[in-house]
Amino acid sequence: MSSEFSTLRDLQRIAEEFWPAATAEGWDRVGLVSGAGDAPLRRVLLAVDAVAATVDEALELDADALLTHHPLLLRGVHSIAEDTSKGALLARLIRGGCALLAAHTNADQPEGGVSAVLAERLGLISAEAIVPAESPRAGEVFGVGRVGELAEAVSLREFAERVAGILPATIGGVRVAGDADRRVRRIALLGGAGDSLLDHPVVRGADVYLTSDLRHHPAQESLEQSLAAYGPALVDVAHWASESLWLDGAAERLSARLPGVEFTVSRRRTDPWSFAVGGSAN
Ligand SMILES: [Zn+2]
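Now for a quick tour of the structure. (Residues numbered from 1 in each chain as written. Predicted model: local features only at pLDDT ≥ 70, side-chain atom pairs only at ≥ 80, totals over all residues. Heavy atoms only, no water.)

## Quick notes on unusual backbone geometry
When glycine is set aside, most residues are seen to have a negative phi, and most peptide bonds are trans. Although it is not a glycine, Asp62 adopts a positive phi angle of roughly 60°. Counting through the fold element by element, Asp62 comes out in the loop between helix H2 (52–60) and strand S3 (65–68). Overall, Asp62 belongs to the partly exposed group, its relative accessible area being 44%. Positive phi, close to 60°, is recorded for Asp213, a residue that is not glycine. With respect to the helices and strands, the residue Asp213 is situated in the loop between strand S11 (208–212) and helix H7 (216–228). (Helix = DSSP H or I, 4+ residues; strand = E, 2+ residues; numbered from the N terminus. Buried < 20%, exposed > 50% of the residue type's maximum accessible area, 1.4 Å probe, protein only.)

## Comments concerning the side chain of Asp195
Its location among the elements puts Asp195 in the loop between strand S10 (183–193) and helix H6 (201–204). Residue Asp195 is classed as buried on the basis of its relative accessible area of 17%. Looking at Asp195, its side chain comes within polar contact range of the side chain of Arg215, at 2.7 Å. Once residues lying within four places of it in the same chain are set aside, the contact partners of Asp195 are Asp213, Leu214, Arg215 and Pro218. (Polar contact = N/O pair within 3.5 Å; in protein donor to acceptor, adjacent residues only side chain to side chain. Contact = heavy atoms within 4.5 Å.)

## Some words on the sheet that holds S3
Read across the sheet, five strands follow the order S1-S4-S3-S2-S13 without closing on themselves; strand pairing throughout is mixed. Sheet topology places strand S1 (31–34) and strand S13 (262–265) at the edges, where each strand pairs with a single neighbour. Neighbour-to-neighbour, the strand axes of this sheet turn through a mean angle of 25°, independent of strand direction. Relative to S13, strand S2 (residues 43–47) runs parallel, the two being bridged by four bridges. In the sheet register, Leu45 faces S13, and the bridge partner there is Thr264. Across the sheet, helix H1 (residues 8–18) is in contact with S1, S2, S3, strand S4 (99–102) and S13; its angle to S4 comes to roughly 5°. (Pairing = 2+ DSSP bridges. Axes fitted to C-alpha atoms, helices over the stretch in contact; angles between N-to-C directions.)

Rendered as structure tokens:
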């Protein structure tokens, strides 16, 4: 394959190899959203979200494809009229000659995936999946979330600061539920929204559960349970931030396979929050 002749189909093929569509959740919608397979591929922008800010960036870059983690069209769509926000985004991408594709829950489970990268950046040792699944490749840690140990126990506050140190800054920062001085070592984590695993025995057995979008009732119930039996402190980070770490590694791996194509990772913050007031100082 000559790099001058890379096409969108080459990107699709390699994306499918890294993140097989069959490993996505049943409700998910991954893969190509718009674009022609034989279109030439010179520049690709990677981002967590397909929103106005990243579509602007893709068109400014003259990118031939925008690869996002979150699918733009997840639920049934009956119109892409341009007076709808999604229709307008798609029309701009199509007119600008920029394809759109998504690698979502199929990019969550493998090595190099969203949770694996978080675990790696936090230095977790012998990380395993919280919910292991069969990998399409032999000998790979594969499945939802990761659980592993820090090289040595640290205080919960120190751990939270470490988490803040590896994530891009967001308005919400890192929110913690638990005693700041508690010693923690065994860390369970799930990049993106992780309410669903709060009661999982592996999470219950960890010292910390790190995830995003924890809501009042599920978080409170988990903490109340921990009064009676062992349970994790909770560390809640911005959804966008937790998933953004995956992009750099994905760009690197794609670039190694398509050396003639330029891969750029978006640095635009698509966390929805602009500012916060009234928080307490500690
Ligand atoms: Zn997500």
